[in-house]
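Survey of secondary and tertiary structure
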Amino acid sequence: MNVIHYSPWGKMGRLHRDVDRLFSARLLSEQDEESSQAGSWLPAVDIKEEDNRFLVRTDVPGVAAEDLEVTMEDGHVCIQGHRDTEVDTAQDGWRRVERVTGRFYRRFSLPDTADAEAIKAECRNGVLEISIPKQAKSLPRRIQIQTS
């Protein structure tokens, strides 16, 4: 004899989590000025500051380079793209599909030291890497005061 556990609130709990995730993503994009995010999924992003550049790495497995767009506008670097559905669960016999598909959009503020004209992006092995060089610092100098 097999014991079957009956959980009448299981699906309700899943719905509650999905609704929370939907609204928390919207609220986060409105409140967090550093990182706006929207879309049907959000790729993971790592940001690192080095001596001569800022480095942004974004996990985008299964997204072709031509489906990605990196733009610079108003002091923000914007990453957007989409991953299309590859399988039809009814016809291909898939029993479980967990990989997220659809559009995504991420936006990050750049500091004043970023050189917006020299940004480079490269997509390799499912990782989008954006290199944002820093501007050359102007050294402080003493200004001679003229006397009359």
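Structure: above.
Predicted model, so just to flag it, every value in this text is computed and none were measured.

Considerations on unusual backbone geometry
- Of note, aspartate 74 is a non-glycine position whose phi angle comes to about 50°, a positive value.
- The residue aspartate 74 is located in the loop between β4 (68-73) and β5 (76-83) in this model.
- According to the relative accessible area criterion, aspartate 74 is exposed, its value standing at 73%.
- The phi torsion at asparagine 125 lies on the positive side, around 55°, for a residue other than glycine.
- Topologically, asparagine 125 is positioned in the loop between β7 (120-124) and β8 (127-133).

Thoughts on the packing of aromatic side chains
- This structure, assessed with the given rule, holds 1 aromatic pair.
- Ring centres 4.9 Å apart and planes at 65° place the aromatic pair tryptophan 41 and phenylalanine 104 in the edge-to-face group. Highlighted residues: tryptophan 41 in the loop between β1 (35-39) and β2 (45-49) and phenylalanine 104 in strand β6 (residues 102-109), separated in sequence by 63 residues.
- Residue classification places phenylalanine 104 among the buried residues on the basis of a relative accessible area of 2%.
- Sitting over the ring of tryptophan 41, arginine 83 keeps its end group 4.1 Å from the ring centre.
- Sitting over the ring of phenylalanine 54, lysine 134 keeps its end group 5.1 Å from the ring centre.

A word on the sheet that holds β2
- Strand order across the open sheet formed by 4 strands is β2-β3-β8-β7, with antiparallel pairing between neighbours. The open sheet has two edge strands, β2 and β7, and neither has a second partner. Direction aside, the axes of adjacent strands within the sheet are offset by 15° on average.
- Relative to β8, strand β3 (residues 53-59) is paired through 7 bridges, and the arrangement is antiparallel. If you follow threonine 58 over to β8, its bridge partner there is leucine 128.

Reading the values: rules and limits
- Residues numbered from 1 in each chain as written.
- Predicted model: local features only at pLDDT ≥ 70, side-chain atom pairs only at ≥ 80, totals over all residues.
- Heavy atoms only, no water.
- Helix = DSSP H or I, 4+ residues; strand = E, 2+ residues; numbered from the N terminus.
- Buried < 20%, exposed > 50% of the residue type's maximum accessible area, 1.4 Å probe, protein only.
- Phe/Tyr/Trp six-rings, centres within 6.5 Å; stacked < 30°, edge-to-face > 60°.
- Lys NZ or Arg CZ within 6 Å of the ring centre and 35° of its normal.
- Pairing = 2+ DSSP bridges.
- Axes fitted to C-alpha atoms, helices over the stretch in contact; angles between N-to-C directions.

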